[in-house]
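These are the residues of each chain, in order.
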Amino acid sequence: MIKSIFKDMTQSNFESGVSESKEGLPAHIAIIMDGNGRWAESKSLKRIQGHQAGVESIREVVTASCDLGIQYLTLYAFSTENWQRPKLEIDVLMHLLSDYLDKELKTLTKNNVRFQVIGRIHTLPKEIQKKIAFNVKETENNTGLTLTLALSYSSRCEIVDAMKDLALKVKDGILSPEDINEEVIQQHLYTKDMPDPDFLIRTSGEMRVSNFLLWQLSYTEIFVTDVFWPDFRKQNFLNAIQSFQKRERRFGRTNFSN
Ligand code: FPP
């Protein structure tokens, strides 16, 4: 059993999120941030207000990740399927994203966060593409947490894009079909520079992966909580990580020797 990083911590240390031992921490955490709409509905608010409250959860989780020394945090912020939502809701999500990109750069820089994105970024509004490029450039030399927003992302699109790249290379004689293996495919995904997630958190209770990192999640530990994303704050995040630390990861192997 992996020793819990929280084992010897006082309650106040636990709540602060600053660990004394980094043992057993997931290097890469991915999150499906779900339940903004239901959170709003449960409070007789507009869906939009759920998304607004969700941004505050992003801030807490990013800060907690920095405090803990997590290396990679990947957040599913906007799927390719989300383009089918009502225009008003899409506009609000784009506005919140734009605002986040404007306001957060200072904090990201202060916390040594490297910011990046995955997805079909060219389908986002031009103004947002520019802000993304700016934030990526400004933080590219930071050495702390790598924060990745999945935007206009779907895993099947990612795999299609990778296959097109590979097909072109074969057509142009740069690659031979015999040389295609798991590593080569991995190197053509949007996530080529990242390790696979160790831990996937999904809020709001749905038991599905919703077209998120399908290739990369092969051996990821999954944690689903009923808590809606806007209510998922630092303490919920720490509890989830604590649960990860109790998992035994076997990657398809066994612990028995006989
Ligand atoms: C799903 O809730 C959540 C999203 C569409 C993605 C998360 C978006 C945010 C936290 C807001 C803005 C993002 C950034 C990066 C600033 P839902 O609407 O599907 O909830 P429901 O399933 O209850 O309807």
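Every chain is numbered on its own, with residues counted from 1 as its sequence reads. The predicted origin of the model limits local features to residues at a pLDDT of at least 70 and limits the giving and counting of side-chain atom pairs to 80 or more, whereas totals for whole chains, interfaces and linings rest on all residues. Values shown for side chains rest on all heavy atoms present in the structure; no hydrogens or waters enter the calculation.

A few points about the pairing of strand β1 (residues 28-32)
A regular strand places its side chains so that they alternate between the two faces of the sheet.
Then, number 1: Here the term buried applies to any residue with accessible area under 20% of the maximum for its type, exposed to any over 50%, and partly exposed to those in between, with areas from a 1.4 Å probe on protein chains only. Strands are runs of DSSP state E lasting at least 2 residues, helices are runs of H or I lasting at least 4, and numbering of each runs from the N terminus. Judged by how many residues are buried, β1 sits mostly within the fold: 5 of 5 residues are covered.
Then, number 2: Strand pairing is assigned whenever DSSP detects at least two bridges linking the two strands. In the sheet, β1 pairs with strand β5 (residues 199-202) via 4 bridges, with the strands oriented parallel. Paired with I32 across the strands is R202, a residue of β5.

Considering the packing of helix α4 (residues 87-110) against helix α5 (residues 126-139)
Then, number 1: Axis angles are defined between N-to-C directions and span 0 to 180 degrees, where every axis is a line fitted to C-alpha atoms and, for a helix, only to the segment in contact. Contact geometry of α4 with α5 gives a least axis separation of 10 Å together with a crossing angle of 15°. Here α4 is positioned roughly parallel relative to α5, judged by the angle of their axes. Once α4 is placed against α5, the crossing between them reads as left-handed. Where α4 abuts α5, its residues M94, L97, S98, L101, D102, L105 and T109 lie against I128, K131, I132, F134, N135, E138 and T139.
Then, number 2: Three classes are used: nonpolar for Ala, Val, Leu, Ile, Met, Phe, Trp, Tyr, Cys and Pro, charged for Asp, Glu, Lys and Arg, and polar for all others, with Gly counted as polar. Class assignment of the residues belonging to the contact of α4 with α5 gives a composition of 7 nonpolar, 4 polar and 3 charged. Throughout this description, any angle smaller than 35 degrees is read as roughly parallel, any larger than 145 degrees as roughly antiparallel, any in the 65 to 115 degree range as roughly perpendicular, and the remainder as oblique. Each crossing is labelled by how the near helix is turned from the far one, with a counterclockwise turn of less than a right angle marking it left-handed and a clockwise turn marking it right-handed. We call two residues in contact when some of their heavy atoms are within 4.5 Å.

Regarding the site of the ligand
Then, number 1: One heavy atom within 4 Å of a molecule or strand makes the whole residue count as near it. The local shell around the ligand holds 21 residues, among which M33, D34, R38, R47 and R85 are the closest.
Then, number 2: Side-chain polar atom of R85 to an oxygen atom of the ligand: 2.8 Å apart, as the coordinates give it.
Then, number 3: Areas reported here follow the Shrake-Rupley algorithm with a probe of radius 1.4 Å; residue values treat only the protein chains shown as occluding. Protein chains bury 92% of the 630 Å² of accessible surface belonging to the ligand in isolation.
Then, number 4: Elements that contribute at least two residues to the shell around the ligand include exactly α2 (36-42), α3 (47-68), β2 (72-79) and α4.
Then, number 5: Here the shell around the ligand takes 5 residues from α3, the largest share from any one element.
Then, number 6: Split by residue class, the shell around the ligand holds 11 nonpolar, 6 polar and 4 charged. For this analysis, a polar contact is any N or O atom pair within 3.5 Å, provided that within protein one partner can donate a hydrogen and the other can accept it, and provided that sequence-adjacent residues contribute only side-chain to side-chain pairs.

What about the confidence of the model for the chain?
Then, number 1: Each residue carries a pLDDT score, the predictor's own confidence in it, on a scale running from 0 to 100. Mean pLDDT for the chain: 92, with 90% of residues reaching 70 or above.
Then, number 2: Ignoring residues within four places in sequence, the model shows residues 1-21, a span with pLDDT below 50, making 43 contacts including any to other chains.

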